[in-house]
Structures are given as structure tokens and as C-alpha cells.
Amino acid sequence: MKVEGKRLIWNDYQKEIAGDNYFYVRSCVRQNFFPGAEKTFLRYMKELGKDVFENPSHTTCSGIGYHSDIVPFETAMTMVARQFALMTEAGYRNFVTSCITSFGLYSEVLETWHHFPEIEEKIRVHLKNATGREFVKPENLAHASDVTFKLRKEISDAGKYRLVNHVTGAPIRVVEHIGCHYSRMFPSKGVGGAEYPYVLVGMIEEWGGEVIDYPERRHCCGFGFRQYLVKANRGYSISASKKKFDSMKPYKPELILTNCPGCPMFLDRWQYAISEMEGTTYGEGGQGIPVVTYEELAGLLLGYDPWDLGLQVHQVPVEPLLDKIGIPYDPEKKFLDKEGNSMGQPKSPTHLKFY
Amino acid sequence: MGKSVIVIGGGIAGMTAAGMLARQGYEVTLLEKENETGGHVAHWDRLFPDRRKASEVLEFTGEGMKDVHVARGISISRITRQNNEFTVTCGMQDAGSVMKSHFTANALIVATGFDLFEARRKEEYGYGIYNNVITSADLEVKFKSGKGILTAEGKIPKRIGIIHCVGSRDEKVGNLYCSKVCCVTGVKQAIELKEMYPGSVVFSFYMDLRMYDRNFEELYYEAQQKWGISFIRGRLSECAENPDGSIVIRTEDTLTGKPLKMTVDLLVLLVGFVPAAGTASVAGMIGLKTGTDGFVNPADSHIQNNLSGIPGVFLTGAVKGPVSVTEAIADARAAAALTSEYLTASIEEHA
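Read on for an overview of the structure. (Residues numbered from 1 in each chain as written. Chains lettered and ligands numbered in written order. Predicted model: local features only at pLDDT ≥ 70, side-chain atom pairs only at ≥ 80, totals over all residues. Heavy atoms only, no water.)

**Section: the overall build of chain B**
Okay, step 1: For chain B, the helix and strand inventory stands at seven helices and 20 strands.
Okay, step 2: Taken over the C-alpha trace, chain B has a radius of gyration of 22 Å; the compact-globule value for 351 residues is 20 Å, and the two agree within 12%.
Okay, step 3: In terms of overall dimensions, chain B has a C-alpha envelope of 70 × 45 × 35 Å along the principal axes.
Okay, step 4: Expressed as a percentage of its 351 residues, the buried residues of chain B come to 55%.
Okay, step 5: By sequence separation, contacts in chain B at least 24 residues apart represent 65% of the contacts at least 6 residues apart.
Okay, step 6: Summed over its atoms, the accessible surface of chain B is roughly 15500 Å², and 49% of this surface lies on carbon and sulfur atoms.
Okay, step 7: Charge-centre separation for chain B: the mean point of 37 positive side chains lies 3 Å from the mean point of 41 negative side chains. (Helix = DSSP H or I, 4+ residues; strand = E, 2+ residues; numbered from the N terminus. Rg over C-alpha atoms; globule rule 2.2 N^0.38 Å. Buried < 20%, exposed > 50% of the residue type's maximum accessible area, 1.4 Å probe, protein only. Contact = heavy atoms within 4.5 Å. Areas by Shrake-Rupley, 256 points an atom, 1.4 Å probe, with all protein chains shown as cover. Lys, Arg positive; Asp, Glu negative; His and termini not counted. Charge placed at Lys NZ, Arg CZ, Asp CG, Glu CD.)

Right under this line is the structure:
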């Protein structure tokens, strides 16, 4: 594989990412899946001196409903317009989303309005009638992974740890997985395009890791909306994830890095499910392959306590990764809440090595 | 005769037209951007459908150009016309430095030809990234070298995939047109690979096979019946690389209606035609009209196919769209004949 060939493509897909003053909208599902990820983003943004504003009355973008054919596009556009109105009212122009599905929907809506101004006018009327609000379109739309990518060097400079094995000095071998709606719909809206996205690769390179490409890199993580949301289809979901694990295993990855709500969920949870169903594990010596989001990884390298990041709720234990990088953690505090009370402990898996 | 012609472009069409006019006594200057004439044919091993050596055709054409003044390493910066005389201002590479030069003539033949589609633009196919993905042009260079066709790992490819229509009939890359010659080129190359490695398996993935000219269909039959080449109707979706360097391809067999995933040791992309990079600038200098595909439009597609609509400016070869070598030669002869007719009439007008 020739990385210089990828670099030529990456050069073709450079997007403008605002440097400060962001209006941030959260995901409607991520806090249930990986509860510390968004909080961690806000924490390091603050520590890096960036202005990030949140309005607690923002809602879901309705993207999951839209892509599941439950929410009509006109309704979705009006909800997006309301989010833009909140940004406008707060005096911001740089819109940052936590969720990839949201990022895709916002991109789709802005692109639709660009090509069909009459639809934008219609939505403005809908929003005015329903809420009395008006809005200005964002000057810059970015996903939070874009912003983290932009700040990757600053994070590296401020970091306590590198993405390397602290004993051998070898780079940690990382598989990156990008959410479908990040750039597959609009390649020019993602850093690095659709086929070889650079957004997570750039972080891994900057932070000292080694990126693994593998045959099923582009394959679905296992979410894919209908294949999980429709219960009868869940066999497709787990088989999609399994196909990826089987394909990446020969490369001996030590970490899976993601930027989407669904991908870390399914790449993490299904490893446990596959181990229970088949006894198969994909890491070394019965371990799984730890799966983290880019916010969690940035937080780890910045020296945040792993349990403050919420890594204890991952189904695949992250301790092997922490041990390799040399990040200290207290096993006794893994399942304690902020007040030191027990949160309860999950039952140990049958095959997956548990800590 | 005292009349002069400048031919822009030293591929097979430009060479043919230049040679024919020089043999008729015109003073002919051929301007070529590269350091050698011959264009794409110079890099090709064998031509379809009879697999004769491309070098033989080039040699024949070159011999006909003995009286042509050839200027190589030319970069055209300006073309002007005054009193039926064209002046072409160029930069010329000379011992590492660029020298300005001017050429004048009574007529121009534009034969700027084509470029090969840049396979890298089909990002999902991995050209320039995966070591065992090559283009049809790369394959010809390998054939021509006589060193055999090996994988990047130095092994004989046991399974070979050939992908048709790369960069042609593809809305995604903005090329709706058919490049016309790739189908038969793919069939020719598949046979040549089987001749070289009878134990290997060759798969050709196509949308439809356009065997438009004499003996093409026969070649396609030969490929199936004599050489056992598998033709699968389906477009390539994407490629990936296995740990051993082999290529995973995903496509659909549209005749059985089933998705298909297979591994090949070598993947050949049949790259199509795109307008030459120099065509747009030359067209802009002269005022030639181009279509939405970027190729130059003739004055009339049927009866004035070599005329540009500008007096004294003639068109030939792939500057007007994809053509085979045979067609380029015939078209160049037609352009030369019309140029001669124009110059003769011009002499009579001024007599």
C-alpha cells in the first residue's frame, strides 16, 4: 500500500474549519452509549481556550427518524432550522455537531437550500409560523471530530501521553472507522473525502499511532439504521460487525477509533455478543479490541482519569490499551460514582477477558 | 508552392497529416510538447484487432515525415492570425532553458489528441494506493518491456481482473461519453495475458461490450471460446488490499442479479480518453468551440468533420473525441486533403 497515493487524495479534500466560537449541538443518543465523550470534548475545548456555547433547549435533529422514514424531510428541515435559530439568537455563526448523522443531515439540508432556495423560503415560513423564530445560516458547519482534527497538534502539545507502547516505544496499531454520513454523501464536506477519510487518520498520526488499513475498512460498522432498528434484522447488524472484526484481526489492531454515535456502540457491544455466541475474541489472549471515540482518546492522552471519561461502561475492557500507553488507573474505582458509591458491576463475560 | 502549415500535436494523427502535406510540397512544421513524437502509440505494444506491433505503424508514419520540420519540447503561449497568416508563439526547451520562438504558416491543423483518464480519480479503485492495481496503459508498457507481467510482489498473477469503462460512461467523474476503444483493448489484453500465462484465470467486468468494427466481435468470441476468459456483466464498486497484496474486488453480476466479491492478484483498469490538457488552452487561443465533454467541436459533425469553422484551421484525430489508431490515420489524411484544398484555393485567390 502506498500512503503517498492517499496523501494525493487527502490534498483534494481540505475543508475549512472554524478556529473558535462554536455553537455546539449534542447527539440524542451518544450520552447513553458513551456518557463521557461529549463532556470530554467540552472539557478540552475549554482548556485549550476555545469558546463553545450550548443552548439546553436544542432538540434532536431528527436525523435517525428521517433516515428511518419516520420523519418527513420537510419536518426534519424545520427542526434543523430551529437549531440554526438558536445559534443565531446566541450570536454564533460556527455550528458544530456531536453526531455524524446530524452532521450529514445539516449538510444535506444546507445543500438542498443552496440548490432550491424556494424550499429554504418555505421552511423559514414553517419555522416562523410554528415558533416565531428566524435564523441565519451557519457560516461554518463542522463535525466535532473536524474541530478536534484542527486542534490535534495543540492536543498533542498539551498531552501527557503518546499513542505509543510505553515499554517498547512501538506505535499503537489503530483501526479507524468513520461514520457513513460524515463524507459519503458529500465527500467535499469531510476532511480527506469519502474513500480514505483523513479526519481520524490525522489525529492518529499526530498523536503517535500507526493506522491500519484492512480489506473491510469501508464496510458498515453494523448500525446501518434499519438493520438494527428493525429487530428482525439484527442478524445483519452483528454479521456486518463480525465481517469487519474477521478482516482486521490479522493486522493485530490494538485500538478501534471512531467518530460516530453508532460505530463505537456496535463495534464495542457486538464484540461481547460474538464472544458469547461463538467464543470468538479479537484481541490478544482472549481480550477484545478496545473501541474509543476521538474525544475519549484525546482525553486519555491529555491525562484525564479513564473513569471520568466513562470508559468503564464500554463492553470491551479498555485496560489493555491503558497498560500499553502507560496510563494509570485505579481498578477499585472503576465502578464507583463521583460520590464513591458503587454503581453496580456487570456480570463477567464468559469468554471476553474482563478486568 | 511556397505555402506553409503548422501542425499542433505530434501523435499519430498529427504525424500523418504533417507527412502527407510535406510530401505534397508544403512547408510543414510540427509542434510537439513532448521530447518525442508518437503520442500514446509510442507507449503501446500491440494494436487491436490483429495485434500487430504499434512500433511498425509508428515507423511507417515516421518515414513519411522526412521533410517535416519537427520542433519538440514546445509550449504554446499565443496564436494570432493576420492577413491569412498564423503566428504561433512558443517556449522551447533548449539545454535546460526555455527560449521564445515564433512560427508562421498559412494554415493550422490542430491535433492535440487526448490524455488518458487519470485512474486516481476513481478513488475507490485504489490506483496509486494499492500496489497491484494498474491501468491498461501500464500493462502495455509492461508488455512492451518484454519482461513479463508480475505482481508487485514479483509473482505470476494467477487471477487477473480487467475492469472496463474506467472514467468513461461514468456520470460520477463527469464523463458521459464512451471512449470506444477500451472494450476491444480489454479483450486484446485479456488474450495476451492468457497467452503469456495459460494457467491463469482472467475475468473481464463490463457494462456492455461495444465491438463496433470489423474483426472485433470475432476477437471477443476468440477470447471466450479459445482462451476461456470470463466476461462478467457488472461495474466495479470498490477495491481493497489483502495482507498479501492481492486485491479484493466488489461488484455485481447483473446477469444473475447477485453481488460478487472476489480476490485477484492483479487488477487492470481500462482507462478511457479525456481531452488533452493542452486542448483547452489552444482552443482558447484560436477561438475553437468545445463541447461539454471538453473535446473540440467540428464545424459540422457529418460533412465538415475536419473543419473548425475558422478559415485555415483544421482538426484531426482525438482532439474531436475518442478514435482508434486506424481512424486517426484516416481522419488525418482527410484533414490533410482539406488543408491542401484550402491552400490551393488560397493561392488561386491571390494569383
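Alright, that's what it looks like, and here's the rest.
**Points about helix H15 (residues 294–301) of chain A**
Okay, step 1: Counting buried positions along H15 of chain A yields eight of eight residues, so the element is predominantly enclosed.
Okay, step 2: The positive-phi residue at the C-terminal boundary of H15 of chain A is Gly303 of chain A, with phi of around 95 degrees.

**Brief notes about the packing of aromatic side chains**
Okay, step 1: All chains considered together, the criterion is met by 30 aromatic pairs over all chains.
Okay, step 2: For the pair Tyr66 of chain A and Phe73 of chain A, a centre-to-centre distance of 5.1 Å together with 25 degrees between the ring planes defines the contact as stacked.
Okay, step 3: Relative to Phe216 of chain B, the ring of Tyr212 of chain B has its centre 5.1 Å away and its plane inclined at 85 degrees; by these criteria the two rings are edge-to-face.
Okay, step 4: Owing to a relative accessible area of 34%, Tyr212 of chain B belongs among the partly exposed residues under this scheme.
Okay, step 5: The class for Phe216 of chain B is buried, based on a relative accessible area of 3%.
Okay, step 6: Between Arg152 of chain A and the ring centre of Phe149 of chain A, over which it is positioned, the NZ or CZ distance is 3.9 Å.
Okay, step 7: The residue whose ring lies beneath Arg269 of chain A is Phe34 of chain A, and the NZ or CZ to ring-centre distance is 5.1 Å. (Phe/Tyr/Trp six-rings, centres within 6.5 Å; stacked < 30°, edge-to-face > 60°. Lys NZ or Arg CZ within 6 Å of the ring centre and 35° of its normal.)

**A closer look at the interface of chain A and chain B**
How big an interface is tends to be expressed through the accessible area that disappears when the partners come together.
Okay, step 1: Listed by partner, the interface residues are 16 residues for chain A and 18 residues for chain B.
Okay, step 2: Between chain A and chain B, roughly 1600 Å² of surface is buried when both sides are summed, and carbon and sulfur atoms account for 45% of that area.
Okay, step 3: With a shortest N-O distance of 3.8 Å, Arg218 of chain A and Glu238 of chain B are connected by a salt bridge.
Okay, step 4: Taken together, the connections running from chain A to chain B amount to eight residue pairs in polar contact (both at pLDDT 80 or more).
Okay, step 5: Residues belonging to the side of chain A that touches chain B are distributed by class as follows: seven nonpolar, one polar and eight charged. (Buried area = accessible area lost by both parts, 1.4 Å probe. Salt bridge = Lys/Arg side-chain N within 4 Å of Asp/Glu carboxyl O. Polar contact = N/O pair within 3.5 Å; in protein donor to acceptor, adjacent residues only side chain to side chain. Nonpolar A, V, L, I, M, F, W, Y, C, P; charged D, E, K, R; others polar.)

**A few points about the environment of Pro243 of chain B**
Residues and elements named next belong to chain B.
Okay, step 1: Following the sequence through the fold, Pro243 ends up in the loop between strand E15 (238–241) and strand E16 (247–253).
Okay, step 2: On the accessibility criterion, Pro243 (55% relative accessible area) is exposed.
Okay, step 3: Considered as a pair, Pro243 and Gly73 are 170 residues apart in the sequence and their alpha carbons are 43 Å apart.

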